[in-house]
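# Structural overview for review
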Amino acid sequence: MKYLLCFTLTFFCILNNSPVQSRSIDSAQYRVTLIVKNLPPQTIEVFALSKKTAFLGEYYVSKSTDTIVLQGKAHEEYAINFITEKNGSFLLPVYNEKVTILADFQGNPGTVKLHQNLKITGSLAMQDLQEIYQISRWYGPLLRKYNAKMDSLLAAKASDDRVEGVTLKLAQLHDRKNNVLIKLLKRTQSPMVGYRCILNLKNYVKSVPKIKLTQGELLGFYRYFITKHPHHILTQSVRNYLKRQSVEIHKLAPEVALPDTSMQTQRLSRFRGQYVLLDFWASWCKPCRKESPYLRQAFEQFSLKGFTIVSVSVDKKETAWKKAIRKDRLQAWMHLRENKGWQSKILATYGIQQLPTNFLIDPEGKIIAINLRKEKLLQRLNQLFAEKN
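The rules behind each value
- Residues numbered from 1 in each chain as written.
- Predicted model: local features only at pLDDT ≥ 70, side-chain atom pairs only at ≥ 80, totals over all residues.
- Heavy atoms only, no water.
- Helix = DSSP H or I, 4+ residues; strand = E, 2+ residues; numbered from the N terminus.
- Pairing = 2+ DSSP bridges.
- Axes fitted to C-alpha atoms, helices over the stretch in contact; angles between N-to-C directions.
- Phe/Tyr/Trp six-rings, centres within 6.5 Å; stacked < 30°, edge-to-face > 60°.
- Buried < 20%, exposed > 50% of the residue type's maximum accessible area, 1.4 Å probe, protein only.
- Disulfide = S-S within 2.5 Å.
- Salt bridge = Lys/Arg side-chain N within 4 Å of Asp/Glu carboxyl O.
- Parallel < 35°, antiparallel > 145°, perpendicular 65-115°, else oblique.
- Left-handed = near helix turned anticlockwise from the far one by under 90°.
- Contact = heavy atoms within 4.5 Å.
- Nonpolar A, V, L, I, M, F, W, Y, C, P; charged D, E, K, R; others polar.
- Polar contact = N/O pair within 3.5 Å; in protein donor to acceptor, adjacent residues only side chain to side chain.
- Core = buried A, V, L, I, M, F, W, Y, C linked by side-chain atoms within 4.5 Å.

### Quick look at unusual backbone geometry
Phi is positive for His 250, which is not a glycine, with a value near 80°. Within the secondary structure layout, His 250 lies in the loop between α5 (233-244) and β10 (257-259). The phi dihedral of Asn 371 falls on the positive side, at around 60°, and the residue is not glycine. The residue Asn 371 is located in the loop between β16 (367-370) and α10 (375-388) in this model.

Given below as structure tokens:
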């Protein structure tokens, strides 16, 4: 079987070594050839991941050797995601290159994951991405081993010295892993790979005691990414993360001034003197809608004690927004909207990268908690008002 899928997507250019010079790719194209051998008959779905997810095709592999060919023009690096029914998936960073991927499952067709079984030629970015996979394969088992040991020591109420020893070992492993990731971040020209590096660094900087990487150093690597790839689509997420660092617990919540359901501009600051849950959502966001019963319960239980909710939607369609408010029975509190979806400025102001996101704000306007979901919101409010009494 052989399929040929041609498509063209419009993006910005990716930069070379210099942060101020870009190389022209107007006449360049990519061609990706995936050769699959000895895979059990199954469907492979292919998506392009960029500003929007685009479905590129569905391919049924059934012969001992099948081939999928994709070609087109990329105006910046983005990802093609190959997803199998039974053997997992893998992401391929795509620029304008001729890439050949061989996936041979001889001997173990039903168990090996696709990304673990690839021989790739023609893609420097994929070589770098596979280095991240290798880091995970090397350090993952060791970290799981010592995390399990830590859990058993804590459960047994072991001595402080024994707990300290395992804590130091975990920190050392993370330090070694982080050093490899930092070197890769500086070496790679792939925005996708660089982004993966800083996400891996971010995951542990606050949660692992005694590691050397500081929050300040992490923010420096985020700024380094922005300088290196100023126009890439992933860079907006990095900028949002940096902005969010100014929206932290114990800091004043930035002002919100948006129209309500009657198109009258309302401000967050008018609720000074009360506890406020500033809730960001959208009618099309299923996890947001699942929070509705807990928001209703919180308002009904605490609104007479000095608590309210200000919900901020980023719905583009006014009718969908108002319909969701009615359907979920959320009319009791204030609703505001910025109608630009993920391009809404208020999301950038608060550094929001996912919905729902909420901020609990005290009577002085300071943030005291972030992302209290479901029962945790009710528990925190109970605690706050019990302390007041």
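Once you've had a look at it, read on.
### Describing the sheet that holds strand β6 (residues 78-84)
Across the sheet, 4 strands lie side by side as β4-β3-β6-β7; this open sheet has antiparallel pairing. The two strands at the open ends of the sheet, each matched to only one other strand, are β4 (53-61) and β7 (89-94). Across the sheet, the mean angle separating the axes of adjacent strands is 20° when strand polarity is ignored. Pairing between β6 and β7: 6 bridges, direction antiparallel. Directly across from Tyr 78, in β7, lies its bridge partner Val 94.

### Things to note about the packing of aromatic side chains
Within the structure shown, the criterion is met by 11 aromatic pairs. A ring pair is formed by Tyr 195 and Phe 225, whose centres lie 6.2 Å apart and whose planes are at 55°; its orientation type is tilted. Taken together, the positions of Tyr 195 in helix α3 (residues 191-205) and Phe 225 in helix α4 (residues 215-228) put the pair 30 residues apart, joining distant regions of the chain. Where Phe 299 meets Trp 333, the ring centres are 5.4 Å apart and the plane angle is 45°; that geometry is what we call tilted. One end of the pair, Phe 299, is in helix α7 (residues 292-302); the other, Trp 333, is in the loop between α8 (318-327) and β14 (334-337), and 34 residues separate them in sequence. Relative accessible area serves as the criterion here: at 6%, Trp 333 is assigned to the buried category.

### Considering the state of the cysteines
Evaluation of the coordinates by the stated rule reveals 1 disulfide. Between the sulfur atoms of Cys 285 and its disulfide mate Cys 288 the distance is 2.3 Å. Its S-S torsion of about 80° marks the bond between Cys 285 and Cys 288 as right-handed, since a negative value means left-handed. Neither residue differs from the other here; Cys 285 and Cys 288 are each classed as buried.

### Observations concerning the pairing of strand β3 (residues 42-49)
Counting buried positions over the 8 residues of β3 gives 6, a clear majority of the element. Here β3 runs beside β4; their pairing, made up of 8 bridges, is antiparallel. Bridge pairing links Phe 47 to Phe 55 in β4. The pairing of β3 with β6 spans 6 bridges and is antiparallel. Counted as the bridge partner of Leu 49 is Ala 79 from β6.

### Quick word on the pattern of salt bridges
This model, assessed by the stated rule, comprises 6 salt bridges. With a shortest N-O distance of 2.8 Å, Arg 187 and Glu 131 are connected by a salt bridge. Separated by 56 residues along the polypeptide, Arg 187 in helix α2 (residues 160-187) and Glu 131 in helix α1 (residues 124-155) bring together distant segments of the chain. Taking the relative accessible area as the measure of exposure, Arg 187 reaches 45% and is therefore partly exposed. The class for Glu 131 is partly exposed, based on a relative accessible area of 27%.

### A short note on the packing of α2 against α4
Orientation of α2 relative to α4, taken along the N-to-C sense of each, is 20°, at an axis distance of 11 Å. Put simply, α2 runs roughly parallel to α4. For the pair α2 and α4, the sense of crossing is left-handed. On α4, the residues touching Ile 182, Leu 185, Lys 186 and Arg 187 of α2 are Phe 221, Tyr 224 and Lys 228. Of the residues contributing to the contact of α2 with α4, the split by class is 4 nonpolar, no polar and 3 charged.

### Overview of the sheet that holds strand β12 (residues 275-281)
The pairing of strands in a sheet comes from backbone hydrogen bonds and takes either a parallel or an antiparallel form. The mixed open sheet is built from 5 strands, whose spatial order is β14-β13-β12-β15-β16. A strand with exactly one partner marks an edge of an open sheet, and here the two such strands are β14 and β16. With direction set aside, neighbouring strand axes in the sheet form an average angle of 20°. Packing of α8 onto the sheet brings it into contact with β12, β13 (307-313) and β14, and relative to β14 it is tilted by some 160°.

### Observations regarding the environment of Asn 200
Along the chain, Asn 200 turns up in helix α3. Taking relative accessible area as the criterion, Asn 200 reaches 22% and is therefore assigned partly exposed. In this structure the C-alpha to C-alpha distance between Asn 200 and Ile 132, which are 68 residues apart in sequence, comes to 9.3 Å. When near neighbours in sequence (up to four residues on either side) are disregarded, Asn 200 contacts Ile 132, Lys 177 and Leu 181. For Asn 200, the side chain forms a polar contact with the main-chain oxygen of Arg 196, separated by 2.8 Å.

### Digging into the nonpolar core
One broad trend across soluble globular proteins is that nonpolar side chains are buried collectively. In this structure, Val 32, Ile 80, Phe 82, Leu 92 and Ile 101 are the most contacted members of the largest nonpolar core, which totals 69 residues. The element best represented in this core is α1, accounting for 10 residues. Setting aside chain neighbours within four positions, we find Leu 92 in contact with Val 32, Tyr 78, Ala 79, Ile 80, Phe 82, Val 99, Ile 101, Ser 123 and Met 126. In this structure, Val 276, Leu 295, Leu 384 and Phe 385 belong to the second largest nonpolar core, which totals 48 residues.

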